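Listed below are the residues making up each chain.
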Amino acid sequence: MRCHMCFEALVLVISVTASVSWSPYIQPMTMTNNRAAWIEGPSAQCEITPEPALLPWRLILLGAPGVGKGTQAELLHRRLRACHLSTGDVFRAAGARAECDQSPAMKEALGYMRRGELVPDSTVWAMVRERKGCLQCAGGFILDGFPRTLAQAESLKELMDSEGLKLTAVVNYELPFSEIVVRMGGRRTCDKCKTVYHVTERPPRQEGKCDRCDGKLFQREDDRPESIKVRLEAYERSTAPLIEFYRNLGLLVEIRATGMPDDIFEHTFTQLEARRVREVAQRVLVAHADRCE
Ligand code: AP5
């Protein structure tokens, strides 16, 4: 009888894991969400409400500035549907508004950002907490650029625990600093849709113009050599310790960020998928073991 139950559990695991690989929540996107509730704040409404996923992907991307987190977040978003939530994008959108529309805390934050320093934890956390609806979104999320300090990671954990939300994984991208400097030096961003290019590695079809929306490409203020140095130092001092924090929580997935973006993405996706299949199989087996007893 017990063996028969275990055989049933095995069949269930195989069918559930197969459904994880084929499920609708990893189909490619047809439309892109404008993420208004994240970029502008909770009073704004997203253009598209993401479809609820059976098992939403809740990811954090870690890695030094310029390693390619934003590029990978965009590719992951297209495959997993979860929204790309970048704290840097929120600050840059606020910086593009008229000065009279910027709060004193935001003006101060933009000063830190220009110099390449981290914005104080209290400002960042107030901004993220205000947008906690995005973390609760049934479509899941891909956090990029947050958390960046242990204090931010602990605040996020506390909030997620209290809301009953579970992180799927934390992906850490690794690349030698010399290559990072080349990536940041050549980065160009569209002023309208925020698509990221690189002058030699990912050039637009027409110089200075976005392939997607014809917007103008600009160089970020914090991609100047003096800011790059400050940003890399801030990363080493404040963000690198998060690798150990998430490793100890059993959530870390480590990825080498060398090679073409599509190859790095496939590698990331394969690892995430394998992790998810293991997690689902484990849950099914535990549930069956409980029933067998
Ligand atoms: P943020 O916007 O988060 O910037 P960042 O973490 O410094 O990361 P970047 O956007 O510079 O790089 P990325 O890893 O996304 O690389 P990308 O894909 O663009 O933060 C900016 C500032 O805001 C901070 O300095 C801070 O002041 C403030 N801030 C934000 N969040 C904060 C927080 N939580 N706490 C405190 N302060 C905060 O790629 C880079 C380039 O490389 C591109 O040109 C791209 O086309 C190219 N590229 C990408 N992949 C490849 C590849 N595989 N091969 C070749 N080229 C590639």
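Parameters and conventions
Residues numbered from 1 in each chain as written. Predicted model: local features only at pLDDT ≥ 70, side-chain atom pairs only at ≥ 80, totals over all residues. Heavy atoms only, no water. Phe/Tyr/Trp six-rings, centres within 6.5 Å; stacked < 30°, edge-to-face > 60°. Helix = DSSP H or I, 4+ residues; strand = E, 2+ residues; numbered from the N terminus. Buried < 20%, exposed > 50% of the residue type's maximum accessible area, 1.4 Å probe, protein only. Lys NZ or Arg CZ within 6 Å of the ring centre and 35° of its normal. Salt bridge = Lys/Arg side-chain N within 4 Å of Asp/Glu carboxyl O. Near = heavy atom within 4 Å. Polar contact = N/O pair within 3.5 Å; in protein donor to acceptor, adjacent residues only side chain to side chain. Nonpolar A, V, L, I, M, F, W, Y, C, P; charged D, E, K, R; others polar.

A.B. asks: What exactly am I supposed to notice about the packing of aromatic side chains here?
C.D. replies: The description of an aromatic ring pair uses the distance of the two centres, along with the angle that the planes make with each other. One pass over the full model with this rule turns up 3 aromatic pairs. The interplanar angle of 15° and the centroid separation of 6.2 Å between the aromatic rings of Trp125 and Phe146 together place this pair among those described as stacked. In this pair, Trp125 is assigned in helix H6 (residues 121–130) and Phe146 in the loop between strand S3 (141–144) and helix H8 (150–163), connecting sequence segments 21 residues apart. Taken individually, Trp125 and Phe146 each receive the classification buried, so the pair is uniform in this respect. We note Arg79 situated over the ring of Phe269; from NZ or CZ to the ring centre the distance is 4.6 Å. The ring of Trp57 has Arg276 sitting right over it, with the charged end atom 4.0 Å from the ring centre.

A.B. asks: Please explain the pattern of salt bridges as it appears in this structure.
C.D. replies: Side chains that carry opposite charge are capable of pairing whenever their charged atoms lie near each other. Summed over the entire model, instances satisfying the criterion amount to 18 salt bridges. Of the charged contacts in the structure, one is a salt bridge between Glu51 and Arg81, with a shortest N-O distance of 3.5 Å. Residue Glu51 is found in the loop between helix H2 (36–39) and strand S1 (58–63), and its partner Arg81 is found in the loop between helix H3 (69–80) and strand S2 (83–86); the two are separated by 30 residues along the sequence. Judged by its relative accessible area of 58%, Glu51 is exposed. Judged by its relative accessible area of 22%, Arg81 falls in the partly exposed class. Taking the shortest distance from any N to any O, the salt bridge between Arg283 and Glu279 comes out at 2.8 Å. One end of the pair is Arg283 and the other is Glu279, both in helix H12 (residues 261–292) and 4 residues apart, which spans about a single turn. Residues joined by salt bridges that share partners form a network here, namely Arg187, Arg220, Asp222, Asp223 and Arg231.

A.B. asks: Hey, could you run me through the site of the ligand in this one?
C.D. replies: Taken together, 35 residues sit near the ligand, with Thr71, Glu117, Arg148, Arg187 and Arg231 positioned nearest. Interatomic distance of 3.0 Å between a backbone N/O atom of Gly68 and an oxygen atom of the ligand. Taking Thr87, its side chain carries an N or O atom lying 2.8 Å from a nitrogen atom of the ligand. Listing elements by their share of the shell around the ligand, those giving two or more residues are H3, helix H4 (87–95), strand S6 (196–198) and H12. The biggest single contributor to the shell around the ligand is H4, with 4 residues. Of the residues belonging to the shell around the ligand, the class tally is 14 nonpolar, 10 polar and 11 charged.

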